[in-house]
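One-letter residues, chain by chain:
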Amino acid sequence: DLPASVRIHEVGARDGLQNEKAVVPTEIKAEFIHRLAQAGLTTIEATSFVHPKWVPQLADAERLFPMLDGLQGVALPVLVPNERGLDRALALGADRIAVFASATESFAKANLNRTVDESLQMFAPVVARAKEQGGHVRGYLSMCFGDPWEGAVPVHQVVRVAKSLMDLGCDELSLGDTIGVATPAHVRSLLAALNEEGVPTSAIGVHFHDTYGQALSNTFAALQHGVRTVDASAGGLGGCPYAKSATGNLATEDLVWMLQGLGVDTGVDLGRLTATSVWLAEQLGRPSPSRTVRALSPD
Ligand code: HMG
Ligand code: MG
């Protein structure tokens, strides 16, 4: 049985733009996010409060975030790795944050300059303080299926870090297939293992990258398991600068096309969303990789 509705967690402005070689002007980012909201997206990850040298593409977070003030009824989560990042986010009134852990040591080192356990220690006060302020906390978990340095990642290794994130107080978990190697049976076994260890499906979102063209199949498997939160990136923008072979995220348009066909409500206007991705692709100077965007665009 499929859910009647799915909440799309739109990551294009963060996961997408962090991976662009060119730094997109702040005004274009703000317009992009406003257009995503007008297309009906209600959770739009806006930016990251990380070290500006690590991700220069998002170094304008202080200028961008206030430009989103007028967006009513839209949740605007931001990535925060540590207390320094949390201070920056709270100073601007952010009330939804995301910490980001790794299931593998190699990626924890590459992405956070920490071991897995050191990064969990770094997140502990971040989650606690955000919760004290009444905030909502998402815990990303990267490399849940495969890792470019370590190969296939054992389910029990993912479950251990996932449980640690939940124990810190995260409200939701996003399972990242950072390099896009998952297939549906692997998705099903990870979800079942998490449930067995006490992580409820209601707290789980899925975050697929489309490297091998499996992102939609994996999403469908997760929906059949009861997952109702799906991460996607408008136009299929994205990747991860610290993970070799990470290509774009599942395109939001591809996801919406499938869900419409299944009769699952998302609240998204596919025409407006596609027009937004076509517009952004023009700004970036190259076409959207999304098959649905291409199919629905003129010529
Ligand atoms: P570090 O070099 O170990 O930092 O980096 P540190 O803690 O040693 O601090 C060094 C200096 O950086 C200090 O300044 C800090 O104040 C400053 P100094 O005292 O030397 O003058 N600093 C900061 N400045 C601004 N904002 C901050 C901040 N933190 C420290 N937040 C750190 C550690 C975590 C900071 C660094 O590794 C980092 O910023 N990493 C972020 C990497 C990133 O954003 N990756 C992409 C997101 S993850 C992803 O995309 C995957 C996902 O999509 C899911 C999936 O697909 O799997 C979510
Ligand atoms: Mg990602």
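Reading the values: rules and limits
- Residues numbered from 1 in each chain as written.
- Chains lettered and ligands numbered in written order.
- Predicted model: local features only at pLDDT ≥ 70, side-chain atom pairs only at ≥ 80, totals over all residues.
- Helix = DSSP H or I, 4+ residues; strand = E, 2+ residues; numbered from the N terminus.
- Rg over C-alpha atoms; globule rule 2.2 N^0.38 Å.
- Buried ≥ 20, exposed ≤ 12 C-beta atoms within 10 Å, placed from the backbone.
- Contact = placed C-beta atoms within 7 Å.
- Pairing = 2+ DSSP bridges.
- Core = buried A, V, L, I, M, F, W, Y, C linked by C-beta atoms within 7 Å.
- Arc of directions from axis to C-beta.
- Near = placed C-beta within 6 Å.
- Nonpolar A, V, L, I, M, F, W, Y, C, P; charged D, E, K, R; others polar.
- Axes fitted to C-alpha atoms, helices over the stretch in contact; angles between N-to-C directions.
- Parallel < 35°, antiparallel > 145°, perpendicular 65-115°, else oblique.
- Left-handed = near helix turned anticlockwise from the far one by under 90°.
- Right-handed = clockwise from strand over helix to strand, strands pointing away.

As recorded by an unreviewed UniProt entry, the protein carries the name Hydroxymethylglutaryl-CoA lyase and is attributed to Streptomyces crystallinus.

(A) Main features of the overall build of the protein. From N to C terminus, the protein includes 12 helices and 11 strands. Its C-alpha atoms give the protein a radius of gyration of 17 Å, within 12% of the compact-globule value 19 Å for 299 residues. The dimensions of the protein, computed from C-alpha atoms along their principal axes, are 50 × 45 × 35 Å. Looking at the protein residue by residue over its 299 residues, the buried ones come to 50%. Long-range contacts, defined as pairs at least 24 residues apart, comprise 73% of the intrachain contacts of the protein with a sequence gap of at least 6.

(B) Broad picture of the sheet that holds strand S2 (residues 43-44). The strand order across the open sheet formed by 9 strands is S2-S1-S11-S10-S9-S6-S5-S4-S3, and the pairing between neighbours is parallel. Every other strand in the sheet has two partners, leaving S2 and strand S3 (47-48) as the edge strands with one partner each. Sheet analysis places S3 next to strand S4 (residues 78-79), joined by 2 bridges and oriented parallel. Looking across to S4, one finds that Thr47 is bridged to Val78.

(C) Layout of the nonpolar core. Core analysis: the biggest nonpolar cluster contains 88 residues, and Val80, Ile97, Val99, Ala101 and Leu141 have the highest contact counts within it. If you tally residues by element for this core, the top one is helix H7 (residues 155-168), at 7 residues.

(D) Structural view of the environment of His207. Structurally, the position occupied by His207 is in strand S10 (residues 204-208). Spatially, the C-alpha atoms of His207 and Glu118 are 24 Å apart, while their sequence positions differ by 89 residues. Residue contacts for His207: discarding those within four places in its chain leaves Ser174, Leu175, Gly176, Asp177 and Asp231.

(E) Region of interest: helix H4 (residues 83-91). For H4, the full list of buried residues reads Gly85, Leu86 and Ala89. Projected onto a plane normal to the axis of H4, the buried residues spread over an arc of 100° and lie on a single side. The inward-facing, buried residues of H4 contact S4, strand S5 (96-102) and helix H6 (116-132). Where H4 ends, the next residue or the one after it, Gly93, has phi of about 85°, a positive value.

(F) A look at the site of ligand 1. Close contacts around ligand 1 come from 25 residues, with Val50, Gly85, Ser142, Gly176 and Thr178 the closest. When contributions to the shell around ligand 1 are tallied by element, the ones reaching two or more residues are H4, helix H5 (105-112) and strand S6 (136-142). Ranked by residues supplied to the shell around ligand 1, first place goes to H4 with 3 residues. Here the residues of the shell around ligand 1 are counted per class, giving 11 nonpolar, 11 polar and 3 charged.

(G) Examining the packing of helix H10 (residues 252-262) against helix H11 (residues 270-284) more closely. Direction vectors running N to C along H10 and H11 enclose 165°, while the axes themselves pass 10 Å from each other. The angle between the axes of H10 and H11 places the two elements in the roughly antiparallel class. Once H10 is placed against H11, the crossing between them reads as left-handed. Judged by residue contacts, Thr252, Glu253, Val256, Trp257 and Gln260 of H10 engage Leu270, Leu273, Thr274 and Ser277 from H11.

(H) Structural context of the pairing of S10. Taking burial as the measure, the 5 residues of S10 include 5 buried ones, the bulk of the element. Direction of pairing for strand S9 (residues 172-177) relative to S10: parallel, over a ladder of 5 bridges. Pairing of Leu173 across the sheet is with Ile204, part of S10. Taken together, S9, helix H8 (residues 184-196) and S10 constitute a β-α-β crossover, and its handedness is right-handed. In terms of strand pairing, S10 meets strand S11 (residues 229-232) through 3 bridges, oriented parallel. Directly across from Gly205, in S11, lies its bridge partner Thr229.

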